[in-house]
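# Geometric and topological summary
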Amino acid sequence: VQLVESGGGLVQSGGSLRLSCAASGFTFSIYYMNWYRQAPGKEREAVAGIPGAGGASTYVESVKGRFTISRDNAKNMVYLQMNSLKPEDTAVYFCNARWAGRNYWGQGTQVTVSS
């Protein structure tokens with residue numbers, strides 16, 4: 001099983017980034033996919049989640065209206081479009097796959113938003 005994140009970087013406040021997560025080694029289409037983040041000195045928090053097929057995505061309140069999670073089951077990819085970024089969005093962002101007690105994590109990608 002592999003989850004490989006990409007797309008992080010340094011961006012100015014108000015800018016945008018698109019994170020990607022490439023999944024392999026499991027039946028991607030049935031897994032609930034999530035993006036988490038962890039800022040220095042803080043606990044890891046769930047940012048957004050999307051079910052395997054159909055159903056509504058979910059977002060933490062602080063990113064609603066700014067971030068959009070999406071997936072392409074044909075390509076085994078999940079994305080996080082992040083707009084109107086704020087310095088408080090600075091964190092390591094992790095891709096997560098969850099289904100039937102199975103729980104997989106990527107290594108994370110750093111997002112830094114400068115003010």
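A brief report on the enclosed structure follows. Every value quoted in this text rests on a predicted model; they were computed, and no experiment measured them.

## Considerations on the environment of Gln 107
Counting through the fold element by element, Gln 107 comes out in the loop between strand 10 (102-105) and strand 11 (109-114). Assessed through its relative accessible area of 72%, Gln 107 is described here as exposed. Here the alpha-carbon distance between Gln 107 and Asn 96, two residues eleven residues apart in the chain, equals 9.8 Å. Those residues within four positions of Gln 107 in sequence are excluded, and the remaining contacts are Leu 3, Glu 5 and Phe 94.

## Focus: the environment of Glu 43
Residue position: Glu 43 is located in the loop between strand 4 (32-38) and strand 5 (45-50). The exposure class of Glu 43 is exposed, given its relative accessible area of 71%. If sequence neighbours within four positions are ignored, Glu 43 has contacts with Arg 37 and Gln 38.

Parameters at a glance
Residues numbered from 1 in each chain as written. Predicted model: local features only at pLDDT ≥ 70, side-chain atom pairs only at ≥ 80, totals over all residues. Heavy atoms only, no water. Helix = DSSP H or I, 4+ residues; strand = E, 2+ residues; numbered from the N terminus. Buried < 20%, exposed > 50% of the residue type's maximum accessible area, 1.4 Å probe, protein only. Contact = heavy atoms within 4.5 Å.

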